[in-house]
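# Overview (structure and organization)
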Amino acid sequence: MTTGSAYTSGGGWEDKIRTIPDFPKPGVNFKDITPLLGDRATFAQVVEGIASLYGDGQVDKVCGIEARGFILAAPVAYRLGVGFVPIRKHGKLPFTAEAASYELEYSQAILEIHSDAIQPGERVLIVDDVLATGGTARAAADLVERLGGVVSGIVCLIELEFLNGRSQLEGLNLQTFIRY
Ligand code: AMP
């Protein structure tokens, strides 16, 4: 099932997201969440908002996607009382890892997860800051499933709807808070 979020930001979260034109390259409108992270009330609301979608006992692990996904996923994991698992870019993880490649606009990228990070049957929440084309979230979900985990949901703070990343995640429970 693919749904929007029942939790509304109550206004104000958008004001703390800055759009930087042509970063990191021409044509990209980069969504900079550092003002949101730096505002203690808004940061807390966002963490609580994500955690509130998954009540106590509903997930066993929270995965964050490098790098900004880590910042949101780690406090959500702490809040839910479960472990945090990093999904990292190629070559960063020190132990045996599973890898999944995915398409970027003009190239390919690889995401990796430690092969012992998730036990078969564990219910996993995946968290990232922005859903754009959906390739990153799709690769993360594939890695979790390859280890035998069950993807309970994917939460991205921001969804760039015009890129239709949702279409890559059919059958998965995707929730986003702010849509452009
Ligand atoms: P995609 O695989 O196209 O869905 O890209 C999502 C990943 O790239 C996320 O991990 C984001 O952090 C990053 N990303 C893509 N587009 C943007 C954007 N416009 N602003 C900020 N981050 C972005």
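Because the structure is a prediction, the values reported are computed rather than measured.

## Some words on the side chain of Glu-112
Mapped onto the fold, Glu-112 is located in strand E6 (residues 108–114). No salt bridge forms around the buried Glu-112; measuring N to O, its nearest opposite-charge neighbour Arg-88 is 8.4 Å away. In terms of polar contacts, Glu-112 uses its side chain to reach the backbone amide nitrogen of Gly-91, at 3.2 Å. Not counting the four nearest positions on each side in its chain, Glu-112 is found in contact with Pro-86, Ile-87, Arg-88, Lys-89, His-90, Gly-91, Leu-93, Ala-97, Glu-98, Ala-99 and Leu-143.

## Let's talk about helix H2 (residues 40–52)
For H2, with 13 residues, the first-to-last C-alpha span of 18 Å sits near the 18 Å given by 1.5 Å per residue. When we look at burial in H2, the residues that qualify are Thr-42, Val-46, Val-47, Gly-49, Ile-50 and Ala-51.

## Re the confidence of the model for the protein chain
Looking at the protein chain, pLDDT values average 94 and 94% of them are 70 or higher. Of the regions scoring below 50 in pLDDT, residues 1–6 engages in 20 contacts with residues more than four places distant in sequence or in other chains.

## With respect to the site of the ligand
Inspection of the region around the ligand gives 13 residues, with Asp-128, Asp-129, Thr-133, Gly-134 and Thr-136 positioned closest. Here an oxygen atom of the ligand sits 2.9 Å away from a polar atom, N or O, in the main chain of Ala-132. One nitrogen or oxygen atom from the side chain of Thr-133 is found 2.6 Å from an oxygen atom belonging to the ligand. According to the grid-proximity analysis, the pocket containing the ligand is the largest pocket. Looking at the shell around the ligand, the elements with two or more residues in it are strand E2 (29–32), strand E7 (123–131) and helix H4 (135–146). A per-class count over the shell around the ligand returns four nonpolar, five polar and four charged.

## Some thoughts on the packing of aromatic side chains
Under the definition given, this model contains three aromatic pairs. Their ring planes at 45° and their centres at 5.6 Å tell us that Trp-13 and Phe-177 sit as a pair that is tilted. Taken as a pair, Trp-13 in the segment before strand E1 (18–21) and Phe-177 in strand E9 (residues 174–179) lie far apart in primary sequence, 164 residues in all. Summarising the burial analysis for this pair, Trp-13 and Phe-177 share the class buried.

Conventions and cut-offs
- Residues numbered from 1 in each chain as written.
- Predicted model: local features only at pLDDT ≥ 70, side-chain atom pairs only at ≥ 80, totals over all residues.
- Heavy atoms only, no water.
- Helix = DSSP H or I, 4+ residues; strand = E, 2+ residues; numbered from the N terminus.
- Buried < 20%, exposed > 50% of the residue type's maximum accessible area, 1.4 Å probe, protein only.
- Lys, Arg positive; Asp, Glu negative; His and termini not counted.
- Salt bridge = Lys/Arg side-chain N within 4 Å of Asp/Glu carboxyl O.
- Polar contact = N/O pair within 3.5 Å; in protein donor to acceptor, adjacent residues only side chain to side chain.
- Contact = heavy atoms within 4.5 Å.
- Expected span 1.5 Å × (residues − 1).
- pLDDT = per-residue confidence, 0-100.
- Near = heavy atom within 4 Å.
- 1 Å grid on protein atoms, 1.4 Å probe; cavity = no way out; pocket = protein on both sides within 12 Å on 5 of 7 lines; lining within 4 Å.
- Sits in = over half its atoms within 2 Å of the grid points.
- Nonpolar A, V, L, I, M, F, W, Y, C, P; charged D, E, K, R; others polar.
- Phe/Tyr/Trp six-rings, centres within 6.5 Å; stacked < 30°, edge-to-face > 60°.

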